[in-house]
Amino acid sequence: NAGVTQTPKFRILKIGQSMTLQCTQDMNHNYMYWYRQDPGMGLKLIYYSVGAGITDKGEVPNGYNVSRSTTEDFPLRLELAAPSQTSVYFCASRRAGPQAEQYFGPGTRLTVT
Amino acid sequence: QQPVQSPQAVILREGEDAVINCSSSKALYSVHWYRQKHGEAPIFLMILLKGGEQKGHDKISASFNEKKQQSSLYLTASQLSYSGTYFCGTETREIQGAQKLVFGQGTRLTINP
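Described in the following lines is the structure provided in the data block. All values reported here derive from a predicted model rather than from experimental measurement. (Residues numbered from 1 in each chain as written. Chains lettered and ligands numbered in written order. Predicted model: local features only at pLDDT ≥ 70, side-chain atom pairs only at ≥ 80, totals over all residues. Heavy atoms only, no water.)

### Here's the deal with the overall build of chain B
- If you tally the helices and strands in chain B, you get zero helices and 11 strands.
- Secondary structure of chain B in N-to-C order comes out as β-β-β-β-β-β-β-β-β-β-β.
- What you see for chain B is a C-alpha radius of gyration of 13 Å, in line with the 13 Å of a compact globule of 113 residues.
- The 113 residues of chain B split such that 48% are buried.
- Relative to all contacts within chain B whose residues are 6 or more apart in sequence, the contacts with residues 24 or more apart total 58%.
- When the accessible surface of chain B is split by element, carbon and sulfur atoms take 48% of a total near 5400 Å².
- Here chain B contributes 12 positively and 9 negatively charged side chains, and the mean placements of these two sets differ by 4 Å. (Helix = DSSP H or I, 4+ residues; strand = E, 2+ residues; numbered from the N terminus. Rg over C-alpha atoms; globule rule 2.2 N^0.38 Å. Buried < 20%, exposed > 50% of the residue type's maximum accessible area, 1.4 Å probe, protein only. Contact = heavy atoms within 4.5 Å. Areas by Shrake-Rupley, 256 points an atom, 1.4 Å probe, with all protein chains shown as cover. Lys, Arg positive; Asp, Glu negative; His and termini not counted. Charge placed at Lys NZ, Arg CZ, Asp CG, Glu CD.)

Spelled out as structure tokens, the structure:
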């Protein structure tokens, strides 16, 4: 199992550009999540999904969009990038059930200048 | 809604003990603990579900006091490998079953030889 994979690992965007962060998991998990982590801070939930075709907003959804067409993939779209979106983005997945742990991907380090 | 962790940072010598606390203003359903090394993804440590539950793994253990709405992580006879930032993630009873974690701001633990 590869677990949770994310691409790219690093990216530099200019203000106003758009991009998609890719996330794939091969554990057949229903639940998937996108977090952002600013330097020295905790993880803030951007969006999450409870299954294919179902997504919902987290704590900080503004400036982002997601889709979930398959169980495996959960891409995060940034439209009109702003310097405030400079952060490390982590994707995570989890199976259903209260005892389930979350598995995190390696992260994407994004800089917007 | 974000849980509050204390202390924010701890510096120990190898072999010393540490306690990290996680407190919530809302009734908790579960508490997850993760450790993150610099530049890496968070790694799962343990989940506590029931009030009064205690779990242990090697020399790292945790307790969950449901009445006080808090959890504590205990690191005994700390090793150099324990260095990193520790996060608690909480699920509140009002969204019980949503499987959506809210993370604390983290506690940075430094172990010196």
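### Digging into the overall build of chain A
- From N to C terminus, chain A includes zero helices and 11 strands.
- Reading chain A from its N terminus to its C terminus gives the helix and strand order β-β-β-β-β-β-β-β-β-β-β.
- Over its C-alpha atoms chain A spans a radius of gyration of 13 Å, differing by no more than 12% from the 13 Å that the globule rule assigns to 113 residues.
- Expressed as lengths along the three principal axes of its C-alpha atoms, the size of chain A is roughly 40 × 30 × 25 Å.
- Every one of the 113 residues in chain A was classed for burial, and the buried ones make up 45%.
- In chain A, of all internal contacts separated by at least 6 residues, the share reaching a separation of at least 24 is 55%.
- With the model as given, the accessible surface of chain A reaches about 5300 Å², and the carbon-plus-sulfur share is 52%.
- A gap of 7 Å separates the mean positions of the 11 positive and 8 negative side-chain charges of chain A.

### Topic: the interface of chain A and chain B
- Contacts between the two partners involve 27 residues from chain A and, on the opposite side, 24 residues from chain B.
- Its salt-bridge partner being Arg94(A), residue Glu91(B) comes within 3.4 Å of it at the nearest N-O pair.
- Along the contact surface separating chain A from chain B lie six residue pairs in polar contact (both at pLDDT 80 or more).
- Of all elements in the fold, only strand 4 (31–37), strand 5 (43–51) and strand 9 (87–94) of chain A reach the threshold of two or more residues within the side of chain A that touches chain B. (Salt bridge = Lys/Arg side-chain N within 4 Å of Asp/Glu carboxyl O. Polar contact = N/O pair within 3.5 Å; in protein donor to acceptor, adjacent residues only side chain to side chain.)

### Some points on the sheet that holds strand 1 (residues 4–7) of chain A
Residue and element names in this part refer to chain A.
- One open sheet holds the four strands; their spatial order is 1-3-8-7, and the pairing between them is antiparallel. Among the strands making up the open sheet, the edge pair consists of strand 1 and strand 7 (64–66). Across the sheet, the axes of successive neighbouring strands diverge by a mean angle of 20°, strand direction being ignored.
- Alignment of strand 7 against strand 8 (residues 76–78), held across three bridges, turns out to be antiparallel. Paired with valine 66 across the bridge in strand 8 is leucine 76. (Pairing = 2+ DSSP bridges. Axes fitted to C-alpha atoms, helices over the stretch in contact; angles between N-to-C directions.)

### Comments concerning the nonpolar core
- The biggest cluster of nonpolar side chains holds 21 residues, and the ones touching the most others in it are Trp33(B), Met46(B), Leu73(B), Leu75(B), Tyr82(B), Tyr86(B) and Leu109(B).
- Going through the elements one at a time, strand 2 (9–13), strand 3 (18–23), strand 4 (28–36), strand 5 (43–48), strand 7 (60–65), strand 8 (70–75), strand 9 (84–92) and strand 11 (107–112) of chain B are the ones with two or more residues in this core.
- Ignoring anything within four residues of it in the chain, the contact list for Tyr82(B) reads Arg35(B), Lys37(B), Asp58(B), Lys59(B), Ile60(B), Leu75(B), Thr76(B), Ala77(B), Leu109(B) and Ile111(B).
- Ranked by size, the runner-up nonpolar core spans 19 residues in total, among them Leu21(A), Trp34(A), Leu76(A) and Tyr89(A). (Core = buried A, V, L, I, M, F, W, Y, C linked by side-chain atoms within 4.5 Å.)

### A look at the environment of Val60(A)
All names here are of chain A.
- The residue valine 60 is located in the loop between strand 6 (54–57) and strand 7 in this model.
- Separated by 25 residues in sequence, valine 60 and tyrosine 35 place their C-alpha atoms 8.9 Å apart.
- Sequence-distant contacts of valine 60, defined by excluding residues within four places in its chain, comprise Arg36, Lys44, Leu45 and Ile46.

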